[in-house]
Structures are given as structure tokens and as C-alpha cells.
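# Coordinate inspection notes
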Amino acid sequence: MMTPAGGHDEVEQLLGAYALDALESADTEQVERHIRVCPVCRAELAQHREVTGLFSEVGRDRRAAPGQRVHC
Amino acid sequence: VAAPNTRGLDELSDSALVVAIARWQQDALAEAYRRHAGPVYGLAYRVLRDPALAEEAAREVFLRLWTRPEHFDAERGRLRTFLLTLAHGRAVDVVRADTSRRRRGERTALEPTAGGLGADREVWGQEVAGQVRAAIFGLPDNQRQAIELTYFDGQTCREVAVALGKPEGAVKSGLRAGLRRTRDELTSAGVEL
């Protein structure tokens with residue numbers, strides 16, 4: 001498969017972080033340039049977004065969940 | 001005049017609603033708000049932990065839908081997901097602004113891994129919320145913590161790398177792996193994505 005601009009292998013590693021809005025601006029721009037031309041990464045990103053959309057339904061709260069280790 | 005229109009609108013699909021919004025139909029925007037404002041506000045509140053800031057973020061999301069409806073592409077996903085994506089991006093921007101950091105105090109810095117997932121809203125139902133929570137808890141610690149710190153606290157990979165004492169590249173690939181694994185878990189549990 002052809003490799004679109006922006007380094008497909010590098011960008012695909014960033015897609016999870018991008019879906020979580022966790023990238024610095026240079027990485028964000030790299031992902032955005034790449035997904036414009038790469039349907040494979042666009043599709044993966046859409047899948048990550050579906051998952052993060054579900055996260056919004058379970059908020060973080062102050063209770064420690066059963067079995068969860070709380071680190072110091 | 002609005003009544004028959006409004007009655008028709010609740011039968012429209014989300015995509016058709018966005019088409020109506022693009023034609024400047026205010027009641028279509030009101031219907032989109034009725035359907036999705038709860039989760040949009042809920043997410044903004046979870047990240048911002050401040051009702052006024054969350055309301056402002058939610059308002060901006062719907063204003064953006066009103067002014068730039070063409071940014072929603074029905075082929076790329078659901079309207080709900082699109083709006084939540086906007087809400088998260090907006091909330092995270094606010095978190096990263098200095099004023100908000102001061103407003104939120106030092107809680108995030110002091111409790112990087114405390115807390116958990118809970119306080120679900122009824123929108124998707126308890127069952128799905130429970131499955132999502134279980135899927136996240138099933139992740140390796142580092143992936144779960146990285147997801148919580150980025151998604152709920154608005155931290156960047158760089159900040160998470162410092163908090164967890166991991167290389168930034170490992171955090172990035174861990175987030176991707178964590179989202180994929182969560183998706184697989186949810187799919188096996190029969191959650192519709």
C-alpha cells in the first residue's frame with residue numbers, strides 16, 4: 001500500500017492519543033495532515049472516537065473502585 | 001407555526017437534523033440539544049469539575065454545530081460521538097488554560113491515580129456503563145491510568161509520561177493499545193459501538 005505523507009507508521013501510533021486530545025500541537029498537526037489523505041487512519045480514528053464517546057458515560061469520581069490500587 | 005415542525009423533528013434521524021440545522025432551522029438545533037445536551041454537559045463537567053465552565057463548554061459545542069454543521073460527517077460516525085468529541089476538545093482546552101488550572105486547584109497534580117470510574121448518567125443505561133467500566137478496569141494499570149489522566153484530567157501525553165515515569169512514546173502507544181483493547185472487550189461483551 002502506498003504510504004501517504006506524514007509517515008503512516010509513525011502517525012498510527014499517535015491515533016489513540018489524538019482521539020483522547022492528549023497530543024501537543026506539533027503531533028496534532030502531523031496527525032491532521034495525515035488523516036486527510038489516509039483512509040486507514042481515518043477509519044481507525046473513528047473507532048477510537050466511538051470508544052472515547054462511551055467513556056463519557058462513566059465519569060471519574062472520588063471513590064476508589066473495588067480492587068483498585070491507589071498509588072501514592 | 002413551530003408546533004407541527006417540532007413534532008416532525010423528533011422523528012428525524014440525527015443526520016437529517018443536521019441537514020435542517022445547515023438550513024438555519026433553529027428548532028432543529030433545539031431538537032439536537034434536547035437529544036444530546038445531557039451527555040455533552042456531563043462530559044464537560046467530568047473534565048472541568050465546574051458547572052459554570054461545563055455549561056459554557058456545552059453551549060460552545062452547540063454553537064459550533066449551529067455555525068459549522070458541515071463539520072459533521074455522517075459517514076464518519078454518529079452525531080453524539082461528534083458532539084462529545086467537540087466537548088472533550090473544548091473542555092481540555094479550558095483545562096490547559098492557566099486560569100482553569102488555578103480554578104481547579106492542585107487536585108489533579110496531587111491525585112494522579114486516585115479515584116475511579118463511576119457516577120454514570122442514565123443516558124446509555126447502567127448496563128453499558130458497567131461494561132465500559134469493567135473494560136477499563138481490565139486494562140493493564142499503565143494503560144488505564146494513562147487513559148484516565150488524558151481523558152478525565154485533560155493531561156497531555158507528555159504530562160502523563162512524567163506522572164507515570166514512562167517514556168512519552170510508550171504512553172502514546174499505550175493509549176492506542178488501551179483503546180483497542182477496550183473496544184475489543186466491549187465488542188465481546190456485546191456492546192454496540
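About the criteria used
Residues numbered from 1 in each chain as written. Chains lettered and ligands numbered in written order. Predicted model: local features only at pLDDT ≥ 70, side-chain atom pairs only at ≥ 80, totals over all residues. Heavy atoms only, no water. Helix = DSSP H or I, 4+ residues; strand = E, 2+ residues; numbered from the N terminus. Buried < 20%, exposed > 50% of the residue type's maximum accessible area, 1.4 Å probe, protein only. Disulfide = S-S within 2.5 Å. Core = buried A, V, L, I, M, F, W, Y, C linked by side-chain atoms within 4.5 Å. Contact = heavy atoms within 4.5 Å. Expected span 1.5 Å × (residues − 1). Polar contact = N/O pair within 3.5 Å; in protein donor to acceptor, adjacent residues only side chain to side chain. Axes fitted to C-alpha atoms, helices over the stretch in contact; angles between N-to-C directions. Parallel < 35°, antiparallel > 145°, perpendicular 65-115°, else oblique. Left-handed = near helix turned anticlockwise from the far one by under 90°. Nonpolar A, V, L, I, M, F, W, Y, C, P; charged D, E, K, R; others polar. Phe/Tyr/Trp six-rings, centres within 6.5 Å; stacked < 30°, edge-to-face > 60°. 1 Å grid on protein atoms, 1.4 Å probe; cavity = no way out; pocket = protein on both sides within 12 Å on 5 of 7 lines; lining within 4 Å. Points joined across faces, edges and corners; volume = space filled by probe spheres on them. pLDDT = per-residue confidence, 0-100.

## Some thoughts on the environment of B:Gly174
Residue and element names in this part refer to chain B. Tracing the chain through its elements places glycine 174 in helix α11 (residues 168–188). What makes glycine 174 buried here is its relative accessible area of 14%. Along the backbone, glycine 174 and leucine 17 are 157 residues apart, and their C-alpha atoms lie at a distance of 37 Å.

## A closer look at the state of the cysteines
Every disulfide links exactly two cysteines, by a covalent bond between their sulfur atoms. Considering all chains together, one arrives at 0 disulfides over all chains under this definition. The thiol of A:Cys41 is not disulfide-bonded; the next cysteine sulfur, from A:Cys38, is found 3.8 Å away.

## Some thoughts on the nonpolar core
Counting residues in each nonpolar core, the largest one holds 70 residues, and the members touching the most others are A:Phe55, B:Leu65, B:Leu83 and B:Leu175. Residues in contact with B:Leu65, not counting those within four places in the same chain, are B:Val18, B:Ile21, B:Leu29, B:Ala32, B:Leu79, B:Phe82 and B:Leu83.

## A short note on helix α4 (residues 51–67) of chain B
Residues and elements named next belong to chain B. Given a rise of 1.5 Å per residue, 17 residues ought to cover 24 Å, and the 24 Å separating the end C-alpha atoms of α4 matches this to within 8%. Within α4 the residues assigned to the buried category are Leu53, Ala54, Ala57, Ala58, Val61, Phe62, Leu65 and Trp66. By the N-cap criterion, in which a side-chain oxygen at the helix start approaches the backbone nitrogen of a residue two or three places on, α4 is capped by aspartate 50, the distance to alanine 52 being 3.0 Å.

## Concerning the packing of helix α3 (residues 26–48) of chain B against α4(B)
Residues and elements named next belong to chain B. Between α3 and α4, the least distance of the axes is 8 Å, while the angle of their chain directions is 140°. By the criterion of interaxial angle, the relationship of α3 to α4 is oblique. When you trace α3 past α4, the crossing you get is right-handed. Mapping the contact onto sequence places Gln26, Leu29, Ala32, Tyr33, His36, Ala37, Val40, Tyr41, Ala44, Tyr45 and Leu48 in α3 and Pro51, Leu53, Ala54, Glu55, Ala57, Ala58, Val61, Phe62, Leu65 and Trp66 in α4. Each residue belonging to the contact of α3 with α4 can be placed in one class, and the counts come to 18 nonpolar, 2 polar and 1 charged.

## Observations concerning the packing of aromatic side chains
Summed over the entire model, instances satisfying the criterion amount to 6 aromatic pairs over all chains. Taken together, the ring pairs connect A:Phe55, B:Tyr151 and B:Phe152 into an aromatic cluster.

## A short note on the layout of surface pockets
As a volume, the largest pocket reaches approximately 1,000 Å³. In terms of lining, the largest pocket is formed by 32 residues, of which the most central are A:Tyr18, A:Arg49, B:Phe82, B:Thr85 and B:Leu86. Elements supplying a minimum of two residues to the lining of the largest pocket: α3 (25–37) and α4 (39–55) of chain A together with α4 and α5 (79–96) of chain B. Here the lining of the largest pocket gets 9 residues from one element, more than from any other, and that element is α5(B).

## Notes on the confidence of the model for chain A
Residues and elements named next belong to chain A. Averaged over every residue, the pLDDT of chain A is 80; the share at 70 or more is 72%. Strand β1 (residues 59–61) is the least confidently modelled element of chain A, averaging 52 in pLDDT, while helix α2 (residues 15–19) averages 98, the highest of any element. pLDDT under 50 marks residues 61–72. Its contacts with residues more than four places away, or in other chains, come to 25 contacts.

## A closer look at unusual backbone geometry
All names here are of chain B. Here the phi dihedral of tryptophan 24 falls at roughly 65°; this positive angle occurs in a residue that is not glycine. Here tryptophan 24 lies in the loop between α2 (14–22) and α3. Unusually for a residue other than glycine, arginine 49 sits at a positive phi of about 55°. Tracing the sequence through the fold places arginine 49 in the loop between α3 and α4.

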